[in-house]
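# Geometric and topological summary
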Amino acid sequence: MGDAEKHVIAAAYHIVKALEATNILSNDMRRVLADLDVHLSTMTTLGEKEAEKTREIENRLRSAQENITELHSNHSRIWNSCPAIVSKYLQSVDEVRRLIETLESFPSKRTWKQDLLDRAQCILQITMARLQDELIHILAQSKQRFKQEYILHPTCEETSVYEESIVSNEGDSLEDVSQRESSSTETEEYVMDLVHPEVVPQITSIANIMFASHYDHEFCQAFVRFWRDELAEYLTILNVEQFSVEDVLKMEWECLNSRIRKWRRAIKNVIGIYLASEKCLFDQVLGEYGSISSTCLVEASKASLLCLLNFGHAVAIGPHRPEWLYCLLDMYEVLASLIPDVESLFPEEAGSFIRIEFHDLLRRLGDAAKVIFMEIGNHIASHASRKPPNGGIHPLTKYVVNYILCFVEYGDTLNLLLAEKDGENLDKGPNENIGHMTISCPVAVHLQSVTPILETKLDVTSNLYRDSSLKHIFMMNNIHYMVDKIKNSEVGSYFGDEWIRNHIGKFQHHAMSYERFTWSSILGLLRNNEKTGKATLKERCRDFSIAFEDMYKIQTAWYVPNLQLREELRISTSKTVIPAYRNFVSKITNSIGEKYIKYTEHDLETYILDLLEGSQKSLKPSRMKEVTILSSISLFPTVVFNKIM
């Protein structure tokens, strides 16, 4: 009640009293004046009570302001002081908050109310700014550094499966396939304390007073900004950089491959450790405020998550080269394993766009992997390369076979992706024939269609050799390499026993063809000698020696890399050549003597052991003395190549 109102009521009250003292009023008029007297007395009493209430509010506000000002002046950090100081500060702030609520409940026409309300709101605003500052300081001082056990490092076996181009590389391929990067479909979730546990109640107390004062937006803004920056710093620790799509598309393969490995490690750590821990803290501090905790988590993490997802999208839309396949599958499997965690971290509407982004990237990675897998045959067919000079294993064969060997690690994923493409259902009951399922599953069917393309390509390449024997050595080497690698690995289950038997027969056929083309003409010089004159016999001995020396010089340069196969070829050759030569020598010795026979049986046996080593040698013109061979032919009773590997 203002002073003017008080003066009016006092004047009216005196007038009523004066009228009541006169004798000229009727009884009715006196009753009216009596009622007015009571009403004016009541108004006077209420005014006095309101004035008293005003003085009380003003005194309380002044006291709270003095406490707050004193604490601001004497303590640079309130929460670094003793608990009593913190309690006094919170009580003073809460006092201001409650006074504001009281003042706002008074009728708005009171002029004194607005003055006190403005003062109280100004004080509250100052304290809220200080509380934001205190909050950031507490978080910065108490944040925990990540320990090694809370960072999911790649294992020592995490190397890129293959880093060569099927189109351009002519160098040596990997002889042994490296084990795939670890991308287990079971992610391990670690929850660590992002701040010291003892400060969580302090943070919560700041949240409670700011929310009660309707400064919830300001609290969330400061809280989110701090953790958004911390997550960005964590990505830096994990060596994650932000790249545009153009940057990714311009990267050299080795650089991109390295970035993909870092991406896989980072996204596993961010989802499996950092955000799981962050959600725990957010729920501790903001859990009682409903969906606000989830909303803050989304706001604190979306920038870094989108950075990771954008890199994944750039890789997914990149050129679909064969060497990208395993990286795409690794990314796909990591992302697929993290989807349940993402759903758990962002279950509410505020996080729906993050869930959608993860699912969209998963789909794009799967589609890109399917395209590359289905185009492998075309890449092989388009490969243009030169023949190996010594009939060895072609780099394309090594590449394709080692490429195929890795599919066993990704079989389940690829079958799932291909089944989605074909609209099939791969779910099998526990009693299904697993072997049958393996050789008829989508991956097996496609791989079985790839090897004929490689064989056709090898056959075309073999025609570049002028020497028919070398052509068969080349085909034998390459088909044997395919069979040996596939048969002795888990990927063999995709091809089955029949495929293995057929291809064993193929390389054995080339081995026998090599022997026939190499020795038929040379051994022809040793036949039909019964009715031949001495001069002709001498000439045939000379021609045989020249032919053998020429063959020796050529075929010591040829190469059969598989030791067992090379030994079996030598044994088979010895079993063919030595008896024929022994028979020839025994029949002509009496006619022309030994001086025209340049090589003994033991010489030939020893020289045959030099063949197919890949290091060219020449025979000396002088006759070599008898030497002891390393092993006798009798040690190999089984005819070579009749053995099923």
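The shown structure was predicted, so the numbers you read here are calculated from the model rather than taken from an experiment.

### What to know about the overall build of the chain
A tally of regular secondary structure across the chain gives 21 helices and zero strands. Sequence separation of 24 or more characterises 79% of the internal contacts of the chain that already satisfy a separation of 6 or more. Total accessible area computed for the chain in this model is approximately 32100 Å², and 51% of it derives from carbon and sulfur atoms.

### Details of empty space enclosed by the protein
A complete count under the given rule lists five cavities of 30 Å³ or more for this structure. Taken as a whole, the largest cavity spans an internal volume of roughly 80 Å³. If you trace the largest cavity, you find it lined by Asn239, Val240, Glu241, Phe243, Arg259, Lys262, Trp263, Cys307, Leu308 and Phe311. When contributions to the lining of the largest cavity are tallied by element, the ones reaching two or more residues are helix 8 (253–286) and helix 9 (292–316). Among the residues forming the lining of the largest cavity, the class breakdown is six nonpolar, one polar and three charged.

### Looking at the environment of Lys113
In this structure, Lys113 sits in helix 4 (residues 111–142). We classify Lys113 as buried; its relative accessible area is 7%. Along the sequence, Lys113 and Thr102 sit eleven residues apart, while their C-alpha atoms lie 10.0 Å from each other.

### Re the pattern of salt bridges
Taken as a whole, this structure holds 29 salt bridges when the rule is applied. Among the ionic pairs, Arg119 bridges to Glu58, the shortest N-O distance being 4.0 Å. Pair noted here: Arg119 is in helix 4 and Glu58 is in helix 2 (residues 27–74), with a separation of 61 residues, a long-range link. Residue Arg355 pairs with Glu343 through a salt bridge whose shortest N-O separation is 3.6 Å. Of this pair, Arg355 sits in helix 11 (residues 352–374) while Glu343 sits in helix 10 (residues 325–345); the two residues are twelve residues apart in sequence, bridging distant segments of the chain. Classification of Arg355 by relative accessible area gives buried; the value is 17%.

### Looking at unusual backbone geometry
Of note, His214 is a non-glycine position whose phi angle comes to about 65 degrees, a positive value. The topology assignment puts His214 in the loop between helix 5 (200–212) and helix 6 (216–237). Even without glycine at this site, Asn239 takes up a positive phi of about 65 degrees. Examined against the element boundaries, Asn239 turns out to sit in the loop between helix 6 and helix 7 (245–250).

### A look at the side chain of Thr451
In this structure, Thr451 sits in helix 16 (residues 442–462). With residues up to four places along the chain from it excluded, the contact list for Thr451 reads Ile404, Met482, Phe495 and Trp499.

### Looking at the side chain of Thr556
Within the secondary structure, Thr556 is located in the loop between helix 19 (534–555) and helix 20 (563–592). Exposure remark for Thr556: the relative accessible area of 0% places this residue in the buried category. A polar atom in the side chain of Thr556 sits 2.9 Å from the backbone oxygen of Tyr552. Within polar-contact distance, the side chain of Thr556 engages the backbone nitrogen of Lys617 at 2.9 Å. Beyond its immediate chain neighbours, meaning those up to four positions away, Thr556 contacts Asp610, Leu611, Leu612, Glu613, Gly614, Ser615, Gln616 and Lys617.

### Observations concerning a nonpolar patch on the surface
Among the surface-exposed residues, Val245, Leu249 and Ile317 lie close enough to one another that they form a single nonpolar patch of about 230 Å² accessible area. Within the secondary structure layout, Val245 lies in helix 7.

### Let's talk about the packing of aromatic side chains
Within this structure, the stated rule accounts for 24 aromatic pairs. With 4.7 Å between their ring centres and 50 degrees between their planes, Phe495 and Trp499 make a pair best called tilted. Given the relative accessible area of 10%, Trp499 is considered buried. Ring geometry for Trp519 versus Phe548: centroids 6.1 Å apart, planes at 40 degrees, classification tilted.

### Overview of the nonpolar core
Ile203, Phe219, Phe223, Trp227, Leu275, Phe358 and Phe407 are the most contacted members of the largest nonpolar core, which totals 173 residues. The element that contributes the greatest number of residues to this core is helix 8, accounting for 14 residues. Sequence-distant contacts of Trp227, that is, excluding residues within four places in its chain, are made with Leu139, Leu194, Val195, Tyr274, Glu278, Leu281, Phe282 and Ala300.

### Considering the confidence of the model for the chain
Confidence in the prediction for the chain averages 81 pLDDT; 76% of positions are at 70 or higher. At the low end of the mean pLDDT range in the chain sits helix 1 (residues 3–20), at 56; at the high end sits helix 5, at 96. Note that residues 181–187 has pLDDT below 50 and, in this model, 19 contacts with residues that lie over four places away or in other chains. Below a pLDDT of 50 lies the segment residues 424–436, which in the model reaches seven contacts outside its immediate sequence neighbourhood of four places, other chains included.

### Let's talk about helix 3 (residues 83–105)
With 23 residues, helix 3 extends 33 Å from end C-alpha to end C-alpha; this agrees with the ideal 33 Å at 1.5 Å per step. Looking only at helix 3, the buried set comprises Ile85, Val86, Tyr89, Leu90, Ser92, Val93, Glu95, Val96, Arg97, Leu99, Ile100 and Leu103.

### A few points about the packing of helix 10 against helix 11
Where helix 10 meets helix 11, the closest approach of the two axes is 9 Å, and the angle between their N-to-C directions is 155 degrees. Classified by the angle between their axes, helix 10 and helix 11 sit roughly antiparallel to one another. Here helix 10 and helix 11 pass one another in a crossing that is left-handed. Residue-level inspection shows Leu325, Leu328, Leu329, Met331, Tyr332, Leu335, Ala336, Ile339, Val342 and Glu343 of helix 10 in contact with helix 11, the latter providing Ile354, Arg355, Phe358, His359, Leu361, Leu362, Leu365, Gly366, Ala368, Ala369, Ile372 and Phe373.

### Brief notes about the packing of helix 9 against helix 11
Here helix 9 crosses helix 11 at 15 degrees, and the two axes come no closer than 10 Å. By the angle class used here, helix 9 and helix 11 are roughly parallel. Relative to helix 11, the crossing made by helix 9 is left-handed. On helix 11, the residues that touch Val298, Ser301, Lys302, Leu305, Leu306, Leu309, Gly312, His313 and Ala316 of helix 9 are Phe353, Ile354, Glu357, Phe358, Asp360, Leu361, Arg364, Leu365 and Ala368.

### A short note on the state of the cysteines
Evaluation of the coordinates by the stated rule reveals zero disulfides. Cys220 forms no disulfide, and the closest cysteine sulfur to it belongs to Cys296, at a distance of 3.5 Å.

### Section: helix 17 (residues 468–487)
In this model, helix 17 (20 residues) spans 28 Å end to end at C-alpha, consistent with the 28 Å of a helix rising 1.5 Å per residue. Within helix 17, 16 of the 20 residues are buried, which leaves it mostly tucked inside the rest of the structure. A side-chain oxygen of the first residue of helix 17 lies 2.8 Å from the backbone nitrogen of Ser469; this N-cap is Asp467.

Rules of the game
- Residues numbered from 1 in each chain as written.
- Predicted model: local features only at pLDDT ≥ 70, side-chain atom pairs only at ≥ 80, totals over all residues.
- Heavy atoms only, no water.
- Helix = DSSP H or I, 4+ residues; strand = E, 2+ residues; numbered from the N terminus.
- Contact = heavy atoms within 4.5 Å.
- Areas by Shrake-Rupley, 256 points an atom, 1.4 Å probe, with all protein chains shown as cover.
- 1 Å grid on protein atoms, 1.4 Å probe; cavity = no way out; pocket = protein on both sides within 12 Å on 5 of 7 lines; lining within 4 Å.
- Points joined across faces, edges and corners; volume = space filled by probe spheres on them.
- Nonpolar A, V, L, I, M, F, W, Y, C, P; charged D, E, K, R; others polar.
- Buried < 20%, exposed > 50% of the residue type's maximum accessible area, 1.4 Å probe, protein only.
- Salt bridge = Lys/Arg side-chain N within 4 Å of Asp/Glu carboxyl O.
- Polar contact = N/O pair within 3.5 Å; in protein donor to acceptor, adjacent residues only side chain to side chain.
- Patch = residues over 30% accessible without salt bridge, like charges linked within 9 Å, V, L, I, M, F, W, Y side chains within 5 Å.
- Phe/Tyr/Trp six-rings, centres within 6.5 Å; stacked < 30°, edge-to-face > 60°.
- Core = buried A, V, L, I, M, F, W, Y, C linked by side-chain atoms within 4.5 Å.
- pLDDT = per-residue confidence, 0-100.
- Expected span 1.5 Å × (residues − 1).
- Axes fitted to C-alpha atoms, helices over the stretch in contact; angles between N-to-C directions.
- Parallel < 35°, antiparallel > 145°, perpendicular 65-115°, else oblique.
- Left-handed = near helix turned anticlockwise from the far one by under 90°.
- Disulfide = S-S within 2.5 Å.

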